[in-house]
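# Chain and residue survey
As a plain string of letters, each chain reads:
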Amino acid sequence: MKCEHCTRKECSKKTKTDDQENVSADALSPAQENGEKGEFHKLADAKIFLSDCLACDSCMTAEEGVQLSQQNAKDFFRVLNLNKKCDTSKHKVLVVSVCPQSLPYFAAKFNLSVTDASRRLCGFLKSLGWVRYAERVLGCPITAHLCTARSPQQVMGSLVKDYFARQQNLSPEKIFHVIVAPCYDKKLEALQESLPPALHGSRGADCVLTSGEIAQIMEQGDLSVKDAAVDTLFGDLKEDKVTRHDGASSDGHLAHIFRHAAKELFNEDVEEVTYRALRNKDFQEVTLEKNGEVVLRFAAAYGFRNIQNMILKLKKGKFPYHFVEVLACAGGCLNGRGQAQTPDGHADKALLRQMEGIYADIPVRRPESSAHVQELYQEWLEGINSPKAREVLHTTYQSQERGAHSLDIKW
């Protein structure tokens, strides 16, 4: 039986028994394990069901499968409970980073504005799929063309464990960094990230929880976002509302790079990036014309079916695009499987449409216009094109041989 989004002619996935189909990783908080009663003793079972290419043995080894099963709320509760103990030497500073595409989920689910939901989420929390596929399955012909920019999750990990740690006079090991993300692929990304030397071997992300897992914790903890205390969004920074980057419902790399390329290569200022759907709504094109000729041709390809078509054309030398924003999730990050799902595991289309409207209404602010971003470049990265900026913000990729022992896992 092939994966739902499988792009391989031969696949090692076998038909599973009912017991195998319902494998789950049950995470108990330390208080439950020890028979104790505590403030953080309620915890939803972490049940993660994956039905795409990341579950086949080309992209995940047995060791990685074990590590992934540990990417649940158990560690999150362990740190919360340790911080309540008297032994302060074991306390950790808890830092939570929330992906922008997770915020519309909480806003729609609890019928709040994005800013209000974000403030209450902060109050509550105080009380990679495509790249892995390219490295493991597609190999050198594709990895040579991958953008070297680190993902937002990886950059945030360096920001927290390096810049923030030094500001607070803490070692990276004293910080427990939690990422709240819309999809399960971010758990895989946290395991495979290459570590910048500045982190001294400490992982940028210690635990990745999906938006749905956070909502489940709220529900089992009898406290919703609406009931949580209202907190500040950005600490001491005077920011009174949530803003987002430009682009569609995902990372926004295409829009940012398109504008930059248009200005640097053709001295054209592009105010609005216009997307044109081609074969389906998940394959869209953006072009720049000059003197009647198309001089830039970018595309956004979401979902493995579009990725497969893209790879086939690239291998045949018939791919006309200068840059492609690729995402494993059909529909982009808002449609990540860690949120907006029905109880039977299908996309909640009504909730997703509501989230898309909410996300589109969030004010856009380009990163280059942010004084805080410029400040980070100077204080943390020692300049825009400095060696440290290249080390922290960029990575390398490598083709990896298929392991002899891999795990066909529904995690």
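Residues numbered from 1 in each chain as written. Predicted model: local features only at pLDDT ≥ 70, side-chain atom pairs only at ≥ 80, totals over all residues. Heavy atoms only, no water.

Moving on: the environment of F106. Along the polypeptide, F106 turns up in helix α5 (residues 103–110). F106 gets classed as buried once you look at its relative accessible area, which sits at 1%. C-alpha of F106 to C-alpha of D116: the two residues are 10 residues apart in sequence and 9.9 Å apart in space. (Helix = DSSP H or I, 4+ residues; strand = E, 2+ residues; numbered from the N terminus. Buried < 20%, exposed > 50% of the residue type's maximum accessible area, 1.4 Å probe, protein only.)

Burial analysis of strand β2 (residues 175–181) places seven of its seven residues in the buried class, which makes it a mostly covered element. Where β2 and strand β3 (residues 207–210) come together, four bridges link them in parallel fashion. Across the sheet, the residue bridging to V178 is C207, located in β3. (Pairing = 2+ DSSP bridges.)

Here the focus is the sheet that holds β3. With parallel pairing, three strands are arranged side by side in an open sheet as β1-β2-β3. Edge strands, defined here as strands with exactly one partner in the open sheet, are β1 (93–98) and β3. Each strand of the sheet is rotated relative to its neighbour by a mean of 25°, with strand direction disregarded. Its contacts with the sheet put helix α9 (residues 152–167) on β1, β2 and β3, and the angle it makes with β2 is roughly 155°. (Axes fitted to C-alpha atoms, helices over the stretch in contact; angles between N-to-C directions. Contact = heavy atoms within 4.5 Å.)

Turning our attention to the pairing of strand β4 (residues 276–280). Note: β4 against strand β5 (residues 283–290), three bridges, orientation antiparallel. Paired with N280 across the bridge in β5 is F283. Between β4 and β5, which pair antiparallel and follow one another directly, the connecting turn spans two residues.

Looking now at the side chain of K388. By the element assignment, K388 lies in helix α16 (residues 387–393). On the basis of relative accessible area, K388 is assigned to the buried category, the value being 16%. Sequence-distant contacts of K388, defined by excluding residues within four places in its chain, comprise D162, R166, W380, L381 and E382.

We now examine the sheet that holds β4. Remark on secondary structure: sheet strands pair via backbone hydrogen bonds, oriented parallel or antiparallel. In space, the four strands of this open sheet follow the order β4-β5-β6-β7, with mixed pairing throughout. Only two strands of the sheet have a single partner each, and these edge strands are β4 and β7 (323–327). Averaged over all adjacent pairs, the angle separating strand axes in this sheet is 20°, with direction ignored. Of the pairings in the sheet, the one linking strand β6 (residues 293–302) to β7 comprises five bridges and is parallel in character.

For the rest of this paragraph, the subject is the packing of α5 against helix α11 (residues 211–220). Two elements in contact, α5 and α11, have axes separated by 10 Å at closest approach and are oriented at 40°. Relative to α11, the element α5 is oriented oblique. Crossing angle aside, the handedness with which α5 passes α11 is right-handed. Listed contacts from α11 to Y105, F106, K109 and F110 of α5 are S211, G212, I214, A215, M218 and E219. Within the contact of α5 with α11, the residues separate by chemical class into six nonpolar, two polar and two charged. (Parallel < 35°, antiparallel > 145°, perpendicular 65-115°, else oblique. Left-handed = near helix turned anticlockwise from the far one by under 90°. Nonpolar A, V, L, I, M, F, W, Y, C, P; charged D, E, K, R; others polar.)

What follows covers the pattern of salt bridges. Here the structure, examined in full by the defined rule, presents 12 salt bridges. Of the charged contacts in the structure, one is a salt bridge between R120 and D116, with a shortest N-O distance of 3.2 Å. Note that R120 and D116 are positioned in helix α6 (residues 114–126) at a spacing of four residues, about one turn of the helix. For E285, the salt bridge is made with R276, and the minimal N-O distance between the two is 2.6 Å. Of the residues examined, E285 reaches a relative accessible area of 6% and is grouped as buried. Each of the salt bridges in this network shares a partner with another, and the network as a whole consists of D162, R166 and K388. (Salt bridge = Lys/Arg side-chain N within 4 Å of Asp/Glu carboxyl O.)

Here we take up the nonpolar core. Residues F106 and I214 are the most contacted members of the largest nonpolar core, which totals 35 residues. Those elements giving two or more residues to this core turn out to be α4 (73–82), α5, α6, β2, β3, α11 and α14 (349–361). Ranked by the residues each element gives to this core, the list is headed by α5, at six residues. Counting 17 residues, the second-largest nonpolar core is a separate cluster that includes A262, V286, Y302 and C333. (Core = buried A, V, L, I, M, F, W, Y, C linked by side-chain atoms within 4.5 Å.)

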